[in-house]
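# Coordinates in review
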Amino acid sequence: MALLSVEDLTVTFSRRGRRPVHAVDGVTFSVEAGATVGLVGESGCGKSVTSLAIMGLLPRRGADVGGAVRFDGDDLLQLSPNAMRELRGREIAMVFQDPQTSLNPVLTVGRQITEVLERHRDMRGRDADREAASLLDRVGIPDPNRRLKDYPHQMSGGMRQRALIAMALACKPRLLIADEPTTALDVTIQAQILELLKELVVDSGTALVMITHDLGVVAGLCDTVHVMYSGRIVESSDRRSLFAEPRHPYTTGLLASVPRLDSPRGVPLRPIPGSPRDLLPWAQGCAFAPRCTRRVDQCTAVAPDLLPDPVTGHALRCYNPWPPGGEAVAVPAPIVAEPIVAKPAVRRARKKP
Amino acid sequence: MSVAESESVLLLAEHTGEEGGSRLKLAFRQLRRNPVAVIGAALILLFVAVAILAPLLAPYSPTHGDLSNITVSHVPGPSSKHWLGLDLQGRDELSRIIYGARASLLIGVVSLTLGATLGMLLGALAGGFGGWVDSIIMRLMDIMLAVPGLLFAIAVAALLGPSLRSVMTAIAVVNVPVFARLLRASMLGQRESDYVLAARSLGVKRRKIIIGHVLPNSLAPVIVQGTLALATAIIDAAGLAFLGLGSADPSVPEWGRMLTDTQQYLRTAPQLALFPGAAILLSVLGFNLLGDALREALDPKLRR
C-alpha cells in the first residue's frame, strides 16, 4: 500500500459575496515509501494549496477541503487538530519556498532546531544541542556548533534553507513535502540544495513530494511526475517517459519554454501564450483551451477526463494530444549536476595576501 | 594557513562586522550612530540624573522661601545667587525645577509601566486567542479610545481626587487601549508570517507559537510606542497639575503647577513660566527624539 494516497482532493475557497474558487479540483495521486513524486505547474495551479491541504495547514474558515488524504492508512482530513499536530514534524514535514522568511528572526537557529527536538523527541539541554549540531553538520553547514548560536540574518540564503531542511528532517519523517525549495535561491545554490535533498531524503528512504514549476528539478530528482493545471492533474507519468514523449499540449509548452544551453543561438524560446488567469472553468470545458494551440471544438464543450493514454500509458486529460515523438521536445538538462559541482558547500579559501 | 583556517578567519571577519548579534543588538548599534538618538538619550539621561540626584544638585530647599524681597510688582529674576531667580513665595526657582523632575519622572514611569503592562496583557490575549475574546477586548478598547485622552484622564483624576496617585492611575488608564491595540495588530500581522507556518508545519504547539514566536516579533512597535508614551505622560501630568489635579500638597514642586501658579504674573515675572515650560519641553523632546530613532532602527523597512 502506498505511504500517502491523495484521493479526489478538492479545496474550495469561499468568501462571502464572491464566487467560490476551486483551487484544487479532484486531485488523485499516491506516493510509495521512499519514492519521489513531482507536482509541476505554473503559479496558481493549486500545487501549494495541495501541499497545505495534506499538511492540514489551511485555515479552517474559508477553505473547504474534500476527498481523502490517506497516510499509512489513516485519513488525515479526519484526524483531530491535536492528532494532526503530533504527526506534523514527526511523520510528515515540510520545507518552504522562502528561507528568508521561514525562520523566526528573533530566535537563534539552534533554538529553532531544538524546539522541534523538544517537541517530538523529548530531548532537552545539552543532548538537544548536540543533536542540533549534528543535524546542521549533516546538511553541510560548516562549524555547526558555532552556527547554532547564529541568528537567521547572519546566514546566507542557501545556509538558511539547509537549516530549514535540518529542522524538517530532525525527527526522520517518513514523508517530506518540499514546496519550491529552490525557487528563492540562486542557481549554484539550487544545485547544492537539490543534491542535498537527494542525498538525505532519497537515500535514507524518506518519501519526497517535490512541488515545483521547474522541469529541471523534476528531471533530476523525481520518479513520477504529475503536471497540474488550474487545480487538476492534466498528465501523469514516470519521469523518463514524460520527457521522452510528452503528450499534453501544456506539458510540451512547459518543456518548450525552458531555455537550453545546447540549442543553437537565435532559436527563440517559445513561452505558452497567455497566462494561467485566462482559463475556462472546468465545468465549461478544458481550462487550458484558451491558451492551447491544439484546441478542437470539443475542448470548449465538455472537460476531458483523466484517462490512460493508449500510446504511452500516461494518464492524460486531453482530446487532441501531441502525437508521440511528433514534435521532438528537448529534455532540459537536469539541474542536479555531478557531485563535483554540487559538493563545495564551504567557500573556497582566498589566496593569502 | 590551511583551507579550514582561512575559512574560519573569513567567518570571523563576518562576525565582527555589520552582522553580529541579535536584532536588538543590531538596532542598538544603529542607534549609537544616529545623532538624533544620541541627543535624545542625552536629554533623557540628564532628566533622569537630575531627578535622582535632586538633593545633591539643588542649591536651596525647594519648599522654603523668603518673602522679604517679593512684591506684587517685583519678583527678583536670575542673579548670581539664584540662577533662575525666585518664585512668588521667595523659593529658589532652580531648586524647584530640579525637584520637579522627580514628580514628572515618577508619574511618567509608573503610569507607563502600569498602562503598558495592562494594555499589552489585553492586547496579547486578543491577538493570541482571536475570536470572541478578541472582539470583546477590542470593542472595550474602542470605547475607551472614543473619549479624548486628556479629557478621559481629567475625568479619572477628578473622580479619584487630587493626588499624585490618581494622576498616575488616570494616565495609565489612558495608555491601556493604545498598547492593547498596537500589540494586537502587530501580533495579527506576525501570525500570518512564513515562520509561523513553518513552525506549525513542524507540529509546534499553538501556545508555544504565540508566546515563543509571535509575541517576541511583535514587540518592536510597542517599544517605540513606550518611549513616545513616556513623553505624552509627562505632558499629561503637567496638564493635570496645571488644572489643579496634581499632588494634594501645594508645596510639592511640579512643573505643571508651577505654570499655574505664575499665570497671574506673566507680565511681571515671565521667567517663572518660561523655565518650567522649558523643562517640560526638553524632557518630552528627549523621549520623542529617542522614540523616532528607535522606530527607524527597529523597522527594517525604513533601513537604508
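An account of the accompanying structure is given in this report. Here, residues in each chain are numbered from 1, in the same order as that chain's written sequence. Ligands are numbered from 1 and chains lettered from A, in the order in which they are written. Per-residue local features are limited, in this predicted model, to residues with pLDDT of at least 70; the limit for side-chain atom pairs, both in listing and counting, is 80 or more; totals at the level of whole chains, interfaces and linings are taken over all residues. Neither water nor hydrogens contribute to the side-chain values; these are computed over all heavy atoms in the structure.

## What about the overall build of chain B?
We count a stretch as a helix when DSSP gives it H or I for four or more residues in a row; a strand needs E for two or more, and each element gets its number in order from the N terminus. In terms of regular secondary structure, chain B is built from 13 helices and zero strands. Going residue by residue from the N terminus, the α and β elements of chain B occur as α-α-α-α-α-α-α-α-α-α-α-α-α. We compute the radius of gyration from the C-alpha atoms alone; for a globule the expected value is 2.2 Å times N to the 0.38, where N is the number of residues. The C-alpha radius of gyration of chain B comes to 24 Å, more than 25% above the 19 Å expected for a compact globule of 304 residues. By residue count, 47% of the 304 residues in chain B fall in the buried class. Long-range pairs, those at least 24 residues apart, make up 71% of the contacts in chain B between residues at least 6 apart in sequence. Accessible surface is estimated by sampling points in the Shrake-Rupley manner with a 1.4 Å probe; for residues, cover comes only from the protein chains shown. Within the structure as shown, chain B displays about 15,200 Å² of accessible surface, and the carbon and sulfur contribution to it stands at 68%. Any residue under 20% of the maximum accessible area for its type is buried, any over 50% is exposed, and the rest in between are partly exposed; the area is computed with a 1.4 Å probe on protein chains only. Working rule for contacts: check all heavy atoms of both residues, and any pair within 4.5 Å makes them a contact.

## Focus on the overall build of chain A
Looking only at helices and strands, chain A has eleven helices and twelve strands in total. Along the three orthogonal principal directions, the C-alpha set of chain A runs to about 65 × 55 × 40 Å. Every one of the 353 residues in chain A was classed for burial, and the buried ones make up 53%. Residue pairs at least 24 apart in sequence account for 65% of intrachain contacts in chain A once pairs closer than 6 positions are excluded. Of the roughly 16,400 Å² of accessible surface on chain A, a fraction of 52% belongs to carbon and sulfur atoms. Averaging the coordinates of the 44 positive side-chain charges in chain A and doing the same for the 39 negative ones gives two points 7 Å apart. The convention is simple: Lys and Arg are positive, Asp and Glu are negative, and His and the chain ends are not counted. Lysine's charge is taken at NZ, arginine's at CZ, aspartate's at CG and glutamate's at CD.

## Observations regarding the packing of aromatic side chains
In this scheme Phe, Tyr and Trp rings, the latter by its six-membered ring, pair at centre separations within 6.5 Å, and the angle between planes marks the pair as stacked below 30 degrees, edge-to-face above 60, and tilted otherwise. In this structure the tally under the stated criterion is five aromatic pairs over all chains. Centroid distance Y250 of chain A to F288 of chain A: 5.1 Å. Interplanar angle 65 degrees. Geometry classified as edge-to-face. Of this pair, Y250 of chain A sits in helix α10 (residues 249–256) while F288 of chain A sits in the loop between α10 and β11 (307–308); the two residues are 38 residues apart in sequence, bridging distant segments of the chain. Using a relative accessible area of 0% as the deciding quantity, one classes Y250 of chain A as buried. Take F288 of chain A: its relative accessible area is 3%, and that puts it in the buried class. With 6.2 Å between their ring centres and 90 degrees between their planes, F47 of chain B and F287 of chain B make a pair best called edge-to-face. Of this pair, F47 of chain B sits in helix α3 (residues 35–52) while F287 of chain B sits in helix α13 (residues 271–298); the two residues are 240 residues apart in sequence, bridging distant segments of the chain. Among the residues examined, F47 of chain B registers a relative accessible area of 6% and is labelled buried. For F287 of chain B, a relative accessible area of 5% puts it in the buried group.

## Section: the packing of α3 of chain B against α13 of chain B
All names here are of chain B. Where α3 contacts α13, the axes come no closer than 7 Å and their chain directions differ by 140 degrees. Relative to α13, α3 is oriented oblique. Judged by the twist between their axes, the crossing of α3 over α13 is left-handed. For the pair formed by α3 and α13, the contact residues are V36, A37, I39, G40, A41, L43, I44 and F47 on the first element and L282, S283, L285, G286, F287, L289, L290 and A293 on the second. Charged residues are taken to be Asp, Glu, Lys and Arg, nonpolar residues to be Ala, Val, Leu, Ile, Met, Phe, Trp, Tyr, Cys and Pro, and polar residues to be all remaining types, Gly included. Within the contact of α3 with α13, the residues separate by chemical class into 13 nonpolar, three polar and no charged. Axis definition: a line fitted to C-alpha atoms, over the contacting stretch in the case of helices. Angles run 0 to 180 degrees between N-to-C directions. Here is the rule for angles: anything less than 35 degrees is roughly parallel, anything more than 145 is roughly antiparallel, 65 through 115 is roughly perpendicular, and the remaining ranges are oblique. Crossings are classed by handedness, with left-handed meaning an anticlockwise turn of the near helix from the far one by less than a right angle and right-handed meaning a clockwise turn.

## Overview of the sheet that holds strand β2 (residues 21–31) of chain A
Residues and elements named next belong to chain A. Taken in spatial order, the four strands of this open sheet run β2-β1-β4-β5, and their pairing is antiparallel. Edge positions in the sheet fall to β2 and β5 (74–75), since each has one partner strand and no second. The sheet strands contacting helix α1 (residues 47–55) are β1 (4–13), β2 and β4 (63–71), and the helix crosses β1 at an angle near 110 degrees. For two strands to be treated as a pair, DSSP must find no fewer than two bridges joining them.

## Remarks on the pattern of salt bridges
A pair is scored as a salt bridge if a Lys or Arg side-chain nitrogen falls within 4 Å of a carboxyl oxygen belonging to Asp or Glu. Considering all chains together, one arrives at 24 salt bridges over all chains under this definition. Two residues, D142 of chain B and R139 of chain B, come together in a salt bridge whose shortest N-O distance is 3.2 Å. Here D142 of chain B pairs with R139 of chain B, and both are found in helix α6 (residues 131–146), just three residues apart, close to one helical turn. When its relative accessible area of 49% is taken as the criterion, R139 of chain B is described as partly exposed. Between R257 of chain B and E254 of chain B there is a salt bridge; the shortest N-O distance is 3.8 Å. For the pair shown, R257 of chain B and E254 of chain B are each scored as buried. Counted as one network, the salt bridges with shared partners bring together R111, E118, D122 and R124 of chain A together with K208 of chain B.

## Structural notes on the environment of Y265 of chain B
Inspection of the secondary structure puts Y265 of chain B in the loop between α12 (255–262) and α13. Linking Y265 of chain B and L88 of chain B, residues 177 residues apart in sequence, is a C-alpha distance of 8.9 Å.

## Some points on unusual backbone geometry
Residues and elements named next belong to chain A. With a phi angle near 60 degrees, D122 is a residue other than glycine that sits in the positive phi range. Following the sequence through the fold, D122 ends up in the loop between α3 (109–121) and α4 (125–138). Using a relative accessible area of 59% as the deciding quantity, one classes D122 as exposed. The phi dihedral of S230 is positive, around 50 degrees, even though this residue is not glycine.

## Describing the nonpolar core
Working definition of a nonpolar core: buried Ala, Val, Leu, Ile, Met, Phe, Trp, Tyr and Cys residues. They are joined through side-chain atoms within 4.5 Å. In terms of nonpolar packing, the biggest core is built from 64 residues, with I165, L176 and M210 of chain A touching the most fellow members. If you tally residues by element for this core, the top one is helix α6 (residues 157–168) of chain A, at seven residues. When sequence neighbours within four positions are dropped, the list of residues in contact with L176 of chain A reads A93, M94, V95, A168, L169, L197, V201, T206, A207, L208 and V209 of chain A. By size, the runner-up hydrophobic cluster in this structure holds 47 residues, among which are A51, L112, A199 and I234 of chain B.

## Some words on the packing of helix α7 (residues 149–160) of chain B against helix α8 (residues 164–191) of chain B
All names here are of chain B. Contact pair α7 / α8: the axes reach a minimum separation of 8 Å and the direction vectors enclose 145 degrees. At the point where α7 passes α8, the crossing takes the right-handed sense. Of the residues in α8, those in contact with G149, F152, A153, V156, A157 and L160 of α7 are S166, T169, A170, V173 and V174.

## Some thoughts on α7 of chain B
Residues and elements named next belong to chain B. Multiplying 1.5 Å by the residue count of a helix minus one yields the expected span of that helix. With twelve residues, α7 ought to run about 16 Å at 1.5 Å a step, and its terminal C-alpha atoms sit 17 Å apart, in line with that. Where α7 is concerned, the buried positions are F152, A153, V156 and A157. For α7, the angular spread of the buried residues around the axis is 130 degrees, confining them to a single face. Away from the buried face of α7 by more than 90 degrees, exposed residues L151 and L159 are located. G161 sits one or two residues past α7 and shows a positive phi near 85 degrees. Working note: the arc is built from the helix axis to C-beta atom directions.

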